[in-house]
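One letter stands for each residue in the lines below.
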Amino acid sequence: MSGPFKDKSEIEHLVKKLEYYTRRLEKLEHLDHNMDKINYALERAKIRDILLNYTNPRRVFMMNILVGIGRGLGLTIGTVVVISLVGLILRQFVDLPLIGDWISTLLQYVDSRSNPS
């Protein structure tokens, strides 16, 4: 044989090495594909944001303070709206014979408590 290879065994050895590296490359490509899937899943789950928020104690404290203030304001505003609506609806029933006296007394009590003068 003429050329850079001396005998057939050297060619077979190189072919085996090439097959070995080809299999490794296929495994690495499969691993890369799996890593891309995991990366995509983690991005969708916002794991990075969760880890950033819960590994910093100062940030956790501030976030809890803000959430508490928001909930308190929301509950207060919601309660005011609901009680106001109930009051408006009850004022419509003041003219009814049986319920009207009771509602009238209730509204007078509420008015006297809100205007102490």
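Keep in mind it's a predicted model, so treat the numbers as computed, not measured. (Residues numbered from 1 in each chain as written. Predicted model: local features only at pLDDT ≥ 70, side-chain atom pairs only at ≥ 80, totals over all residues. Heavy atoms only, no water.)

Attention now moves to the confidence of the model for the protein chain. Residues of the protein chain with pLDDT of at least 70 account for 91%, and the chain-wide mean is 84. Within the protein chain, no element has a lower average pLDDT than helix H2 (residues 47-54), which sits at 76, and none a higher one than helix H3 (residues 57-92), at 91. (pLDDT = per-residue confidence, 0-100. Helix = DSSP H or I, 4+ residues; strand = E, 2+ residues; numbered from the N terminus.)

Between its terminal C-alpha atoms helix H4 (residues 97-114) stretches 26 Å, which fits the 26 Å expected from 18 residues at 1.5 Å a residue. Every buried residue of H4 is accounted for by Gly100, Ile103 and Leu107. The buried residues of H4 occupy one face: seen down the axis, they fall within an arc of 75°. Of the exposed residues in H4, the ones pointing more than 90 degrees away from its buried face are Leu98, Asp101, Trp102, Gln108 and Arg113. Along its buried surface, H4 packs onto H3. (Expected span 1.5 Å × (residues − 1). Buried < 20%, exposed > 50% of the residue type's maximum accessible area, 1.4 Å probe, protein only. Arc of directions from axis to C-beta. Contact = heavy atoms within 4.5 Å.)

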